[in-house]
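As a plain string of letters, each chain reads:
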Amino acid sequence: MKRIFASAHVKRLFSALAALAILELMTGPPGSALTPTAGFTGSFGEASSFFGIFRTQRWVVFLFLALAMYAIWSAWLMWGTQVRAATAKAVSVPRAASRTRPVRWGMAVAVLAVALLLPHLITDPFWQAAMVEQIAVYVLLALGLNVVVGFAGLLDLGFVAFYAIGAYTTAWVTGALPTAAPFGIHFNNFYAIPIAIALAMGSGIILGAPTLRLRGDYLAIVTLGFGEIITIFANNLYGITGGSQGTNTIPHFSLHVGPIKYLWGLTPVPYYYLTIVFVILFIAGFKLLEHSRVGRAWTAIREDEVAAESVGINPLKYKVMAFAIGASTAGFAGVVTASQSNTIFPSSFTLQFSINILVLVIFGGMGSITGVVLGAIVIQTGSMYLLHTPPAGYQPQDLYIYLGALLVVMMIFRPAGLVPSRRRHREIGLAEKGEGHMNEVLTGDTP
Amino acid sequence: MSDKIFDVDHVTLRFGGVVSLNDVTLHQERGEILAVIGPNGAGKTSLFNSLTGVYQPQEGTITFQGSDAKPMSVIGKKPHRVSAAGVARTFQASRMFSALTAFENIKIGAESHRGIGVAGAMLRGPKTRRDERTSDARTVELLDFVGLRAKANVISSSLSYGDRRRLEIARGLATGPQVLLLDEPAAGTNPSEKLELTTLIRKVRDEMGVSILLIEHDMKLVMSLAERLYVLNFGSVIAQGTPEEIRANEKVIEAYLGSTATETGDRS
Ligand SMILES: Nc1ncnc2c1ncn2[C@@H]1O[C@H](COP(=O)(O)OP(=O)(O)O)[C@@H](O)[C@H]1O
Ligand SMILES: [Mg+2]
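Just so it is clear, the model here is predicted, and its values are computed rather than measured.

### Let's talk about the coordination of the magnesium ion (ligand 2)
Okay, step 1: At 2.0 to 2.2 Å from the magnesium ion (ligand 2) lie its protein donor atoms, namely Thr45(B) (OG1) and Gln92(B) (OE1). With Thr45(B) in helix α1 (residues 44-51) and Gln92(B) in the loop between β6 (87-89) and α3 (102-111), this pair connects stretches of sequence that are 47 residues apart.

Laid out in structure tokens, this is it:
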């Protein structure tokens, strides 16, 4: 008996069955207070079509899928190395080519062209709005959090706070809050940009300077608390923030320079172009930053803080800087969102939001700018797709089950993310071999 | 006449009940190759950590006299401040930025003392580019100096043990130090690497004018390099003098040379 279970084949078969059973429950109907077992029985027993061939029950479909998974898994173990070697050989030439300068620039231009044409290719109003509110803005946020998490290696769970600060600053500066606008003047939204960036950066520094001395987990807890505090402030300071109702009178962006007059109105496309311009600026700036001495110093601190200090790098200063840059990016994203939607209220600035952005960064590839941009686009497009055209049995609250499952699978097969940063990729490889000093931070070893 | 680069005066360092350094008084002359020897656990690494701001001794004073007129009191300073003043070091278990290339490792040392300049970095203005070129040139010089030019683009974790040691020295030198602290640089290297290392250390002093403070278990290497030695045992200085004097010292023979610790080269 014991022998049978020790067999690798049996283990694989059971793993496949377990994985598919979980998937079956995930995609099945929910239970309710009155019928608590309905979720369970429905998941397995509900009628279903066998890939459109004949009608049967869900468990048959999933049993078939589990067996298929077992077969593919076994085949992969048998021939996987050959397949991998062959594909590695096949892609080695294009990959080497893709690293050369002209090809990289060519690809960048092509991507840019597609990005600029996109609103003309996709005219569905849902997707046009989603492209701004749910994708472009999230790309900005992911870029910002990547500086903190990816470049500097700091776990920030309160990123939403800076986004909220940016949004509320916009409302304040444009005179949309119960509290008086600065100097009693209702400024144009463009003026909100520097003010929001400065305030978000300032709060990043004030929060970061004392807390970034802490190690690992403590920082995560403090930032988590900060995120909650900002939301609670927004909710409770009724006279200043408008309380839980927030405000819905934030004006749109507008431009009055001499004869040029332009108002960003209700349609999302002009906002799309405005946001894309900023996304490009941020990507360019962060790319240069990554390959500057600031970026190298971050890498040094992340890899071995003790060694970094010994060559004269002040870790605290660089960490606060990463924190401030991330915060100001989020503050800026807050300006865009507030202006575009005209509306802000506290319940949109939740811990779940911070975690969502973190998922984009981890999924895309911490420390890789291309990765986090792509990660944000893929995940946000995916969740918008599920929202817009939900497949049978999908409820909106299921989203995080799927994101969670996706991350688990990702961590197993591609731990450095969709497009891994080359430095991070090496670090993970070294950590797995037990080299490098990444582990000492956790065990508190001394030099 | 005496020009002390390091002056350690009655320093005591404790960790709870453990006394790592017990009333240690010693000094280093500018331009000297000085060695600190002693059995494992004697407090040698603790001394280095105290000299570089990593540990904060409870008693005594440590004065570093760099090139500028003002002496610096090390205790209470952060390691990066001590580095900026002109103290570089290597670690007993070498600590490279292991996912970075040899070139990048050295360059980080070469540029760390410049101001931060985020705006400069993001705009990549003329000053930033000039700084980059200066650091690159300095890095290449140092790669040449330690004989790693051919391995500039190798990831540091795939370098051989001896190469890593030399890279760590180059990274330290890149910060432009007055004194270089080497914690068991020959540990784990083979005889021919040891010989190269001896030559390199002497070259650092002779050609760059950097004083050397050395911890080493390999007696042959220490005795051929050091001009003067201190012997530590249980956190206390038990002897000092020239290599000849140390070889003849009864207390040293008893505490250290006579014991089995001589050739073990344990890491501790
Ligand atoms: N961070 C620390 N915490 C507690 N004890 C320490 C610490 N660092 C060193 N020690 C103790 O100080 C003593 C000297 O250690 P060390 O300086 O590493 O010796 P050596 O380098 O001469 O082998 C040892 O007893 C060691 O356990
Ligand atoms: Mg030691």
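### Considering the pattern of salt bridges
Residues and elements named next belong to chain B.
Okay, step 1: Taken as a whole, this structure holds 21 salt bridges over all chains when the rule is applied.
Okay, step 2: With a closest N to O distance of 2.9 Å, Lys 127 and Asp 131 form a salt bridge. In this pair, Lys 127 and Asp 131 both sit in helix α5 (residues 126-146), four residues apart, roughly one turn of the helix.
Okay, step 3: By relative accessible area, Asp 131 is classed as buried at 11%.

### Looking at helix α4 (residues 58-98) of chain A
Residues and elements named next belong to chain A.
Okay, step 1: Compared with the 60 Å implied by 1.5 Å per residue over 41 residues, the 45 Å span of α4 between its first and last C-alpha is markedly short.
Okay, step 2: Considered for burial, the residues of α4 that qualify are Arg 58, Val 61, Phe 62, Ala 66, Ser 74 and Gly 80.
Okay, step 3: Contacts made by the buried residues of α4 are with α2 (8-27), α3 (38-45), β1 (47-50) and β2 (54-57).

### Observations regarding the pairing of strand β9 (residues 228-233) of chain B
Residue and element names in this part refer to chain B.
Okay, step 1: Summarising burial for β9: six of the six residues are buried, a large majority.
Okay, step 2: Across the two faces of β9 the burial is the same, with Arg 228, Tyr 230 and Leu 232 and Leu 229, Val 231 and Asn 233 all buried.
Okay, step 3: Where strand β3 (residues 33-37) lies against β9, four bridges are found, and the strand directions are parallel. Its bridge partner being in β9, Ile 37 is matched across the sheet by Val 231.
Okay, step 4: Of the strand pairs in this sheet, β9 and strand β10 (residues 236-241) are connected by five bridges, and their pairing is antiparallel. For Leu 232, the partnering residue across the bridge sits in β10 and is Val 237.

### As for the site of ligand 1
Okay, step 1: The full set close to ligand 1 counts 14 residues, and Ser20(B), Gly41(B), Lys44(B), Thr45(B) and Ser46(B) are the nearest of them.
Okay, step 2: Flanking ligand 1 are residues from chains A and B.
Okay, step 3: Measuring from an oxygen atom of ligand 1, one finds a backbone N or O atom of Gly43(B) at 3.0 Å.
Okay, step 4: At 2.8 Å, a side-chain N or O of Lys44(B) approaches an oxygen atom of ligand 1.
Okay, step 5: For the shell around ligand 1, the elements supplying multiple residues, two or more each, are β2 (18-29) and α1 of chain B.

### Details of the domain arrangement of chain A
Many structure descriptions define interface size as the accessible area lost when the parts assemble.
Residues and elements named next belong to chain A.
Okay, step 1: Domain boundaries in chain A define domain 1 (2-45 + 56-83) and domain 2 (107-432).
Okay, step 2: A straight line from the C-alpha centre of domain 1 to that of domain 2 covers 37 Å.
Okay, step 3: At the boundary of domain 1 with domain 2, total buried surface from both sides reaches about 410 Å², with 60% on carbon and sulfur atoms.
Okay, step 4: Here domain 1 is connected to domain 2 by zero salt bridges.
Okay, step 5: The tally of links from domain 1 across to domain 2 stands at zero residue pairs in polar contact (both at pLDDT 80 or more).
Okay, step 6: Class assignment of the residues belonging to the side of domain 1 that touches domain 2 gives a composition of two nonpolar, two polar and no charged.

### Here's the deal with the sheet that holds strand β5 (residues 72-73) of chain B
Residues and elements named next belong to chain B.
Okay, step 1: Spatial ordering of the open sheet is given by β2-β1-β4-β5, a layout of four strands whose pairing is antiparallel. Where the open sheet ends on each side, the last strands, each with one partner, are β2 and β5.
Okay, step 2: Where strand β1 (residues 4-15) meets strand β4 (residues 59-64), five bridges bridge the pair, whose relative direction is antiparallel. In the sheet register, Asp 9 faces β4, and the bridge partner there is Thr 61.
Okay, step 3: Contacts from α1 reach β1, β2 and β4, with the element oriented near 65° to β2.

### Observations concerning the confidence of the model for chain B
Residue and element names in this part refer to chain B.
Okay, step 1: Taken as a whole, chain B shows an average pLDDT of 89; of its residues, 94% reach a score of 70 or greater.
Okay, step 2: Note on residues 260-268: pLDDT is under 50 here. Beyond four places in sequence and across chains, it has 16 contacts.
Okay, step 3: Complex prediction metrics read pTM 0.86 and ipTM 0.89.

### Points about the sheet that holds β10(B)
Residues and elements named next belong to chain B.
Okay, step 1: With respect to topology, six strands assemble into an open sheet ordered β6-β7-β8-β3-β9-β10, the strand pairing being mixed. Each edge of the open sheet is held by one strand with a lone partner, namely β6 and β10. Geometrically, the sheet is characterised by an average inter-axis angle of 20° between neighbouring strands, direction not taken into account.
Okay, step 2: Bridging between strand β7 (residues 179-183) and strand β8 (residues 211-215) involves five bridges; their strand directions are parallel. Bridging from a neighbouring strand, Leu 181 pairs with Leu 213 of β8.
Okay, step 3: The strands that α1 touches are β3, β6, β7, β8 and β9; relative to β8, the one it contacts most, it runs at about 145°.

### Structural notes on a nonpolar patch on the surface
Residue and element names in this part refer to chain A.
Okay, step 1: A cluster of nonpolar side chains, namely Met 69, Trp 73, Trp 76, Leu 77, Met 78, Trp 79 and Val 83, defines an oily patch on the protein surface of about 700 Å² accessible area.
Okay, step 2: Inspection of the secondary structure assignment puts Val 83 in helix α4.
Okay, step 3: Among the residues examined, Val 83 registers a relative accessible area of 39% and is labelled partly exposed.

### Notes on the interface of chain B and chain A
Okay, step 1: Facing 38 residues of chain B, the contacting portion of chain A comprises 37 residues.
Okay, step 2: Between chain B and chain A, roughly 3,300 Å² of surface is buried when both sides are summed, and carbon and sulfur atoms account for 61% of that area.
Okay, step 3: Connecting chain B to chain A are four salt bridges.
Okay, step 4: Between Arg293(A) and Asp131(B) there is a salt bridge whose closest N-O contact spans 3.9 Å.

How each quantity is defined
- Residues numbered from 1 in each chain as written.
- Chains lettered and ligands numbered in written order.
- Predicted model: local features only at pLDDT ≥ 70, side-chain atom pairs only at ≥ 80, totals over all residues.
- Heavy atoms only, no water.
- Donors = N, O, S within 2.8 Å, 3.2 Å for Na, K, Ca; no water.
- Helix = DSSP H or I, 4+ residues; strand = E, 2+ residues; numbered from the N terminus.
- Salt bridge = Lys/Arg side-chain N within 4 Å of Asp/Glu carboxyl O.
- Buried < 20%, exposed > 50% of the residue type's maximum accessible area, 1.4 Å probe, protein only.
- Expected span 1.5 Å × (residues − 1).
- Contact = heavy atoms within 4.5 Å.
- Pairing = 2+ DSSP bridges.
- Near = heavy atom within 4 Å.
- Polar contact = N/O pair within 3.5 Å; in protein donor to acceptor, adjacent residues only side chain to side chain.
- Domains from an automatic or database assignment.
- Buried area = accessible area lost by both parts, 1.4 Å probe.
- Nonpolar A, V, L, I, M, F, W, Y, C, P; charged D, E, K, R; others polar.
- Axes fitted to C-alpha atoms, helices over the stretch in contact; angles between N-to-C directions.
- pLDDT = per-residue confidence, 0-100.
- Patch = residues over 30% accessible without salt bridge, like charges linked within 9 Å, V, L, I, M, F, W, Y side chains within 5 Å.
- Areas by Shrake-Rupley, 256 points an atom, 1.4 Å probe, with all protein chains shown as cover.

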